[in-house]
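Report on the structure
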Amino acid sequence: MKTISLGIATALCLLISPSFAQKAKPKPNPLKQEVQQTIESRFAEMTELSDKIWAFEETAFHETQSAAALSAYAEELGFKVTRGVGEIPTAFMAEYGSGSPIIGIMGEFDALPGLSQNKVPFKSPLNEGAPGHGCGHNLFGVASLSAAGVIKDMIAEGKLQGTIRFYGTPAEEKYFGKLWMIRSGIMDDVDIMMDWHPGDETETDVQKGLALVDFIVEFNGQAAHASGDPWNGRSASDALELYTAGINYYREHIKPTVRIHYHIQDGGQVVNVVPDYSRLWVRVRDTSREGLMPVWKQVEKMSEGAAIMANVTHKVTLVSGVHEILVNRTGSAVMQANLEALGPISYTEEEQDFAKKIQEATGKPQIGLVSEIKPMKETLEHSMGGSTDVGDVSWVVPTIRMSATTAPNGTPWHSWAVVASGGMSIGHKGMAYAAKALAMTMVDLYQNESLRTEIKAEFKEKKGDYVYKGIIPDGPPPLNAGY
């Protein structure tokens, strides 16, 4: 029997052993390591900027200070900034580099009315009745711009080639500012778009959300004395009540995926006058634009019936609407790999205690903060939840999305609890984490042309022959409509 030298035998074992292949790890990408180091070095200035926006607490189309602070920071980082894009004073675009690929990243910064809150784990308004960042958008814009800033430095140093573009996108909570930005054409040449959102878990976001449409219904009648001569009145309030009753009866005959909301904005002013004017804001949602359209048209048509019954006139005005998200799983898989490389966020005992107190105050299980990185989920045909104008962007350019933990698990969103968490270290940690994951994924996109080709191919296949058209009225955005 021939003998084999120990060195050759060892080499053969390594080549054929399955366990050796499993233990082998890819070499760390030095640019991704640089991403993490740079974000850490800028963490203090990111936190300061986020806290400023948290304190500005500005609502849709009125984010003057927030947009100014973000765009000024973009200029400090070396971007060329274009303000007032899409006919929106608070919308802006920050760009650096030249040529392709053009990678975009979006950042929101509007607050919600009535959610002002101190940085404490119980309800305590900072400014009674004032707005607050109940969706974490004070963290959103800062993380995205910071991620773009890291990529900008790498392009400037010749480590990456192409163009990086940050979009400051106002009015996501109402009116959906991205629709007018899309209409202006400033996203048409983007190869791939990046997006994230604050949340109560850290994950790659592969659900579609809901398509949506908003419209205003107004009824006009004839005022009269409610007791002296009510027969001379034609009540706009009656029409409003008949209309909402019709909507509520209609609920039995729509699919479970549909949501209908309304908010009575004016139902009359005093009890002793037959009101000659009423107004309500109506919102219809479904898991797809195709499902949304017939329900929207039926609910809209019902307002005419209410007007006929009350013998008044009516007017329907489109506000805006959004598409569901066109999920790109090829791009999402790249994001998933980077989340797994980063691992979960670490929290102190004090942060977990803060989180549990919020959960106690909001009636949720007191399990604290969750940032475990779970496997990427399947994309559901009918995923429920909220709506976003990111959906419209995803029908124009392939879009990769994620969420990062910025509030305790189970936290009621659009609430004081999110405002409290987003103004302290829990939110700050999620913001920095998102910036790292976004920038690491962009490194992959810049370095891998075939990956970009695959992402675009999936986008083209899923979009099919659908020609995108935004659900917005003609004319400029409703800048002064307010809440």
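Owing to the predicted nature of the structure, the values given are computational and were not obtained by experimental measurement.

**Thoughts on the overall build of the protein**
Within the protein, the secondary structure is distributed over 15 helices and 13 strands. By the compact-globule yardstick of 23 Å for 483 residues, the protein fits well, its C-alpha radius of gyration being 26 Å. Here the protein holds 483 residues, and the buried ones make up 55% of them. On the protein, roughly 21,100 Å² of surface is accessible, and the fraction owed to carbon and sulfur atoms is 54%. The average position of the 44 basic charges and that of the 58 acidic charges among the side chains of the protein differ by 5 Å.

**Quick word on the packing of helix α14 (residues 425-447) against helix α15 (residues 449-463)**
Contact geometry for α14 and α15: axes closest at 5 Å, N-to-C directions at 100 degrees. On the basis of the axis angle, α14 is roughly perpendicular to α15. In this structure, α14 contributes Asp444, Leu445, Tyr446 and Gln447 to the contact, and α15 contributes Glu449, Leu451, Arg452 and Ile455. Here the residues of the contact of α14 with α15 are counted per class, giving 4 nonpolar, 1 polar and 3 charged.

**Observations regarding the nonpolar core**
Counting residues in each nonpolar core, the largest one holds 70 residues, and the members touching the most others are Ile151, Met194, Trp196, Met402, Leu438 and Met442. The biggest single contributor to this core is α14, with 14 residues. If sequence neighbours within four positions are ignored, Met194 has contacts with Ile103, Gly104, Ile105, Met106, Met335, Ile400, Leu438, Thr441, Met442 and Leu445.

**Side note on the packing of aromatic side chains**
Per the counting criterion, the structure on display carries 7 aromatic pairs. Judged by centre distance (6.3 Å) and plane angle (70 degrees), the ring pair of Phe61 and Trp180 falls under edge-to-face. Taken together, the residues span a long stretch of sequence, with Phe61 in the loop between α4 (43-56) and α5 (64-77) and Trp180 in helix α7 (residues 178-183) at a distance of 119 residues. Judged by its relative accessible area of 6%, Phe61 falls in the buried class. We classify Trp180 as buried; its relative accessible area is 2%. Lying across the ring of Trp281, Lys174 places its NZ or CZ 4.4 Å from the centre. For Lys297, the ring lying beneath its charged end belongs to Trp296, and the centroid distance is 4.0 Å.

**Here we look at the sheet that holds strand β4 (residues 163-168)**
Taking strand neighbours across the sheet as the criterion, the 7 strands line up as β1-β2-β4-β3-β5-β13-β6 in an open arrangement whose pairing is mixed. A single partner strand is all that each edge strand has here, and the edge strands are β1 (80-83) and β6 (203-204). Of the strands in this sheet, β1 and β2 (92-97) touch α5, which is tilted by about 155 degrees from β1. Most of the contacts of helix α10 (residues 329-342) go to strand β13 (residues 399-405), to which it runs at about 30 degrees, and overall it touches β5 (192-199), β6 and β13.

**So, the confidence of the model for the protein**
Residues at a pLDDT of 70 or more form 94% of the protein, whose mean pLDDT is 94. With pLDDT under 50 throughout, residues 1-21 is counted as low confidence; its partners more than four residues away or in other chains account for 2 contacts.

**So, the pattern of salt bridges**
If you walk through the whole model with that rule in mind, you get 23 salt bridges. A salt bridge links Glu290 to Arg289; the shortest N-O distance between them is 3.4 Å. Three or more residues joined by partner-sharing salt bridges are found here, namely Glu34, Glu157 and Lys159.

**Let's talk about α14**
Helix length check: α14 (23 residues) gives 33 Å between terminal C-alpha atoms against 33 Å at 1.5 Å per residue, within 8%. Taking burial as the measure, the 23 residues of α14 include 20 buried ones, the bulk of the element.

**Quick notes on α5**
The first and last C-alpha atoms of α5 sit 20 Å apart over 14 residues, in line with the 20 Å expected at 1.5 Å per residue. Burial in α5 covers these residues: Ser66, Ala67, Ala69, Leu70, Ser71, Tyr73, Ala74 and Leu77. For α5, the elements touching its buried residues are α4, β1, β2 and α6 (137-156). Two residues or fewer after α5 comes Gly78, characterised by a positive phi angle close to 105 degrees.

Analysis parameters
Residues numbered from 1 in each chain as written. Predicted model: local features only at pLDDT ≥ 70, side-chain atom pairs only at ≥ 80, totals over all residues. Heavy atoms only, no water. Helix = DSSP H or I, 4+ residues; strand = E, 2+ residues; numbered from the N terminus. Rg over C-alpha atoms; globule rule 2.2 N^0.38 Å. Buried < 20%, exposed > 50% of the residue type's maximum accessible area, 1.4 Å probe, protein only. Areas by Shrake-Rupley, 256 points an atom, 1.4 Å probe, with all protein chains shown as cover. Lys, Arg positive; Asp, Glu negative; His and termini not counted. Charge placed at Lys NZ, Arg CZ, Asp CG, Glu CD. Axes fitted to C-alpha atoms, helices over the stretch in contact; angles between N-to-C directions. Parallel < 35°, antiparallel > 145°, perpendicular 65-115°, else oblique. Contact = heavy atoms within 4.5 Å. Nonpolar A, V, L, I, M, F, W, Y, C, P; charged D, E, K, R; others polar. Core = buried A, V, L, I, M, F, W, Y, C linked by side-chain atoms within 4.5 Å. Phe/Tyr/Trp six-rings, centres within 6.5 Å; stacked < 30°, edge-to-face > 60°. Lys NZ or Arg CZ within 6 Å of the ring centre and 35° of its normal. Pairing = 2+ DSSP bridges. pLDDT = per-residue confidence, 0-100. Salt bridge = Lys/Arg side-chain N within 4 Å of Asp/Glu carboxyl O. Expected span 1.5 Å × (residues − 1).

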